[in-house]
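So the chains spell out like this:
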Amino acid sequence: MGYRKTVRRIEVSLKGHKTYGDDTDYPLAYARGKSLGEYLGLLGYAEAEEDDGDAGNGLVRQLEAFGDALVSWNLEREDGTPIPCTREALFGEVDNDLALALATEWIERLGGKVDSADPLPSSLPSGEPSPVASIPMEALSDPQPSTSVPA
């Protein structure tokens, strides 16, 4: 029995973002991960698998890939109705700066970015001395001469 590969879901949160993360309601989306080849292609390190002539624009390729990878999000129109979680809605209804911020966060998380603002678990010690008794520090005794005879 081997390891069963599953498609990774990446949380794309703009909590703490300088423009979108100040409220308690912040943009949140979930997108699928990519294979290594797809990821390198997004970054421009590998040739696109299908070269249709306009694959040269890396930003458009990245946005299209993000739109295709979307699973869910919490984006709404001004009237409170949900924006469909589709590539078409990403390009047709989402503000360009929000779309770029979400896609950038997704690409960074594909590369392994983790939240640095998450607080450490409260179970970690907070700098108190270790509960283990201290090891006494004494000078070592002088080495004793060897009594064995070399062979």
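The text that follows walks through the structure, step by step, so that each part is easy to find. Throughout, residues of each chain are indexed from 1 in the direction in which the sequence is written. For this predicted model, a pLDDT threshold of at least 70 governs which residues receive local features, and a threshold of 80 or more governs which side-chain atom pairs are given and counted, while totals over whole chains, interfaces and linings are taken from all residues. Note that water and hydrogens are dropped before the side-chain values are worked out from all heavy atoms of the structure.

### What to know about the pattern of salt bridges
Here, a salt bridge means any side-chain nitrogen of Lys or Arg that lies within 4 Å of a carboxyl oxygen of Asp or Glu. Summed over the entire model, instances satisfying the criterion amount to six salt bridges. Linking Arg77 and Glu93 is a salt bridge whose minimum nitrogen-to-oxygen distance equals 2.7 Å. Of this pair, Arg77 sits in the loop between strand E3 (70-73) and helix H3 (87-92) while Glu93 sits in the loop between H3 and helix H4 (96-110); the two residues are 16 residues apart in sequence, bridging distant segments of the chain. Only protein chains enter the accessibility calculation, which uses a 1.4 Å probe; a residue is then buried when its area is under 20% of its type maximum, exposed when over 50%, and partly exposed in between. Relative accessible area serves as the criterion here: at 32%, Arg77 is assigned to the partly exposed category. Judged by relative accessible area, which is 35%, Glu93 ranks as partly exposed. Put simply, DSSP H or I for four residues or longer makes a helix, DSSP E for two residues or longer makes a strand, and each gets a number counted from the N terminus.

### Quick notes on the layout of surface pockets
There is about 480 Å³ of room inside the second largest pocket. If you trace the second largest pocket, you find 16 residues lining it, with Pro27, Asn74, Leu75, Glu76 and Leu98 closest to the centre. Just so you know the grouping, Ala, Val, Leu, Ile, Met, Phe, Trp, Tyr, Cys and Pro go in nonpolar, Asp, Glu, Lys and Arg go in charged, and all remaining residues, Gly too, go in polar. Of the residues assigned to the lining of the second largest pocket, the class counts are seven nonpolar, two polar and seven charged. Here the term cavity refers to a set of points on a 1 Å grid, laid over the protein atoms alone, in which a 1.4 Å probe fits but cannot get out; the term pocket refers to an open set having protein on both sides within 12 Å along at least five of seven lines, with lining residues being those that place an atom within 4 Å of a point. Grid points are joined across faces, edges and corners, and a volume is the space filled by probe spheres set on the points.

### Observations concerning the environment of Glu105
With respect to the helices and strands, the residue Glu105 is situated in helix H4. Residues Glu105 and Ile10, spaced 95 residues apart in sequence, show a C-alpha to C-alpha distance of 9.8 Å. Those residues within four positions of Glu105 in sequence are excluded, and the remaining contacts are Val12, Ser13, Leu14 and Lys113. Any N or O atom pair separated by 3.5 Å or less is treated as a polar contact, with the protein-specific requirement of one donor-capable and one acceptor-capable atom, and with residues adjacent in sequence counted only for side-chain atom pairs. There is a polar contact of 2.8 Å between the side chain of Glu105 and the side chain of Arg109. By definition in these notes, contact holds between two residues if any of their heavy atoms fall within 4.5 Å.

### Considering the packing of aromatic side chains
In summary, the pairing rule links any two rings of Phe, Tyr or Trp, Trp by its six-membered ring, whose centres are within 6.5 Å, and it sorts them by plane angle into stacked for under 30 degrees, edge-to-face for over 60 and tilted for everything else. Evaluated as defined, the whole model comprises one aromatic pair. Seen in terms of ring centroids, Phe66 and Trp106 are 5.4 Å apart; in terms of plane orientation they differ by 50 degrees. Their pairing is tilted. With a gap of 40 residues between them, Phe66 in helix H2 (residues 58-69) and Trp106 in helix H4 connect regions that are remote in the sequence. Here Phe66 and Trp106 have matching classes, each one buried.

### Focus: the sheet that holds strand E1 (residues 9-13)
Should DSSP find at least two bridges between two strands, the strands are taken to pair. The strand order across the open sheet formed by three strands is E1-E2-E3, and the pairing between neighbours is antiparallel. The open sheet is flanked by E1 and E3, the only strands paired with a single partner. Strand-to-strand twist across the sheet, computed as the mean angle between neighbouring axes with direction ignored, equals 20 degrees. Across five bridges, E1 lies against strand E2 (residues 28-32) in antiparallel orientation. What sits directly across from Val12, in E2, is Ala29. H4 rests against E1 and E2 of the sheet, and its axis sits at about 135 degrees to E1. Interaxial angles span 0 to 180 degrees and are taken between N-to-C directions of axes, which are lines fitted to C-alpha atoms, for helices over the stretch in contact.

### A word on H4
If you check H4, its first and last C-alpha atoms are 21 Å apart, about what 15 residues at 1.5 Å a residue would give, namely 21 Å. Of the residues making up H4, those classed as buried are Leu98, Ala99, Ala101, Leu102, Ala103, Glu105, Trp106, Ile107, Arg109 and Leu110. A helix's residues, less one, multiplied by 1.5 Å, set its expected span.

### Focus: a negative patch on the surface
For patches, a residue must show more than 30% relative accessible area and have no salt bridge; joins then use 9 Å for like charges and 5 Å for nonpolar side chains, namely Val, Leu, Ile, Met, Phe, Trp and Tyr. Areas reported as accessible are Shrake-Rupley estimates using a 1.4 Å probe. Residue values count occlusion only from the protein chains shown. Note on charges: Lys and Arg go in the positive column, Asp and Glu in the negative column, and His and the chain ends are not counted at all. Working definition for charges: the position is that of NZ of Lys, CZ of Arg, CG of Asp or CD of Glu. Side chains of Asp25, Glu76, Glu78, Asp79, Asp95 and Asp97 sit close together on the surface and give a patch of like negative charge. Here Glu78 shows up in the loop between E3 and H3.

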